[in-house]
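Spelled out, the chains give:
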Amino acid sequence: MPMIDPTSGALVSPEVAASAFVAGRAASGLVDAMLSRRSVRAFKSDPVPREVIADMLALASRAPSGTNIQPWRVHVLTGAPLESLKQAMLASAARAPEAKPPYNYYPVKWFEPFLSRRRALGWDLYGLLGIGKADRARMAEQHARNFLFFDAPVGLVFTIARDLELGSWLDYGMFMQNVMLAARAWGLDTCPQAAIVYPHEAVRRELELPDDESLVCGMALGYARADAPENTLVTPREPVSGFAAFRGFGPT
Ligand SMILES: Cc1cc2nc3c(=O)[nH]c(=O)nc-3n(C[C@H](O)[C@H](O)[C@H](O)COP(=O)(O)O)c2cc1C
């Protein structure tokens, strides 16, 4: 377990995190999977076999959930249905760029320290892509790549029974993280995508979602392109001392 500095409590260095990620290599253990998971935003067109996705989802469904209700429901799209969803989302987002999402993933009014972290991610990503701070058009173009699932051969759409409560959304996050870690075991990469809930009406129509089913999130799944600058992004993390309070352990 070499990645936590015991003195500073600092998380794995960006160098270690970067070296853990080798596009196309399968993670052989849990630490390896956790370190090599990252949000990938450019995929090869290579298909992912249905059996692999089914095995991955079976593994991910070992996630815990309160009283084991297993609130997840996954729509797995490739080929023509995926293409149709992509086109519907693109058209919907172009028609109504300010569309209200069905739930607030983000705060209505941003505040610190979250605003700065969010901004840093944006600038780091745009920096790698050569998108300048005033280049609104290219930013919008990059954002719209969400609706193409970043060219991934598989798009996952996660939904939940509308009447389930906040606790089930907590369970859902654990399941989604498991999906992303399981993907690494097959050398696959992912990008979770809340962006697809904005054109939610198009998604609902394409998937023929019943009224009692809510849209949670999307996820791109496939093999990372090693040559894409955006896939070299390694996001920083706060040191453990910045977010954990230890009590009863004695002085450090
Ligand atoms: C639930 C969820 C939704 C996200 N939605 C998007 C999204 O719509 N588009 C995107 O490019 N990244 C999205 N991300 C990825 C985050 O930007 C990313 O996890 C964060 O910057 C940390 O980077 P890492 O995943 O590479 O460690 C999402 C992440 C989560 C957990």
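These numbers come from a predicted model, not from an experiment.

A. View of helix α4 (residues 79–95). Taking 1.5 Å of rise per residue, the 17 residues of α4 would be expected to cover 24 Å, and the 24 Å separating its terminal C-alpha atoms lies within 8% of that figure. For α4, the set of buried residues is Leu-85, Lys-86, Met-89, Ser-92 and Ala-93. Summarising the axial view, the buried residues of α4 lie within an arc of 135 degrees, below the 170-degree limit, and thus occupy one face. Along α4, the residues that are exposed and aim more than 90 degrees away from the buried face are Gly-79, Ala-80, Ala-94 and Arg-95. Looking at the buried residues of α4, the elements they touch are β1 (73–77), α6 (136–144), β2 (154–161) and α8 (200–207).

B. Examining the packing of helix α3 (residues 50–60) against helix α7 (residues 166–185) more closely. Across the interface, α3 lies against α7 with an axial gap of 8 Å and an inter-helix angle of 135 degrees. Relative to α7, the element α3 lies oblique. Crossing of α3 against α7: the hand is right-handed. Residue-level contacts link Met-56, Leu-57, Leu-59 and Ala-60 of α3 to Phe-175, Asn-178, Val-179, Ala-182 and Ala-183 of α7.

C. Looking closely at the site of the ligand. Near the ligand the following residues occur: Arg-38, Ser-39, Arg-41, Leu-121, Asn-146, Cys-191, Pro-192, Gln-193, Ala-194, Ala-195, Cys-217 and Thr-235. By residue number, the principal contributor to the shell around the ligand is strand β3 (residues 189–193), which donates 3 residues. In the shell around the ligand, the residues fall into 6 nonpolar, 4 polar and 2 charged.

D. Highlighting the nonpolar core. Residues Phe-43, Phe-158, Val-179, Ala-220 and Leu-221 are the most contacted members of the largest nonpolar core, which totals 43 residues. When residues of this core are traced back to their parent elements, those giving at least two are α3, α4, β2, α7, α8 and β4 (213–222). The element that contributes the greatest number of residues to this core is α7, accounting for 8 residues. Aside from chain neighbours lying at most four places away, what touches Leu-221 is Val-48, Ala-152, Val-154, Leu-156, Ala-183, Leu-188 and Thr-190.

E. Quick look at the environment of Leu-30. Here Leu-30 lies in helix α2 (residues 30–36). You can call Leu-30 exposed: it has 11 C-beta atoms within 10 Å.

F. Highlighting the pairing of β4. In terms of residue burial, β4 counts as a mostly covered element, since 9 of its 10 residues are buried. As judged from the 8 bridges shared by β2 and β4, these two strands associate in the antiparallel manner. Paired with Val-154 across the strands is Leu-221, a residue of β4. Both β3 and β4 contribute to a ladder of 5 bridges, which runs antiparallel. Across the sheet, residue Asp-189 finds its bridge partner in β4, namely Gly-222.

G. Just the environment of Gly-130, in detail. With respect to the helices and strands, the residue Gly-130 is situated in the loop between α5 (114–128) and α6. Take Gly-130: there are 9 C-beta atoms within 10 Å of it, and that puts it in the exposed class. For Gly-130 and Pro-229, which are 99 residues apart along the polypeptide, the C-alpha to C-alpha distance reads 9.4 Å.

H. Quick look at the pairing of β2. The buried fraction of β2 is high, at 6 of 8 residues. Pairing of β1 with β2 involves 5 bridges; the strand directions are antiparallel. The residue bridging Val-76 from the neighbouring strand is Leu-156, located in β2.

Cut-offs applied
Residues numbered from 1 in each chain as written. Predicted model: local features only at pLDDT ≥ 70, side-chain atom pairs only at ≥ 80, totals over all residues. Helix = DSSP H or I, 4+ residues; strand = E, 2+ residues; numbered from the N terminus. Expected span 1.5 Å × (residues − 1). Buried ≥ 20, exposed ≤ 12 C-beta atoms within 10 Å, placed from the backbone. Arc of directions from axis to C-beta. Contact = placed C-beta atoms within 7 Å. Axes fitted to C-alpha atoms, helices over the stretch in contact; angles between N-to-C directions. Parallel < 35°, antiparallel > 145°, perpendicular 65-115°, else oblique. Left-handed = near helix turned anticlockwise from the far one by under 90°. Near = placed C-beta within 6 Å. Nonpolar A, V, L, I, M, F, W, Y, C, P; charged D, E, K, R; others polar. Core = buried A, V, L, I, M, F, W, Y, C linked by C-beta atoms within 7 Å. Pairing = 2+ DSSP bridges.

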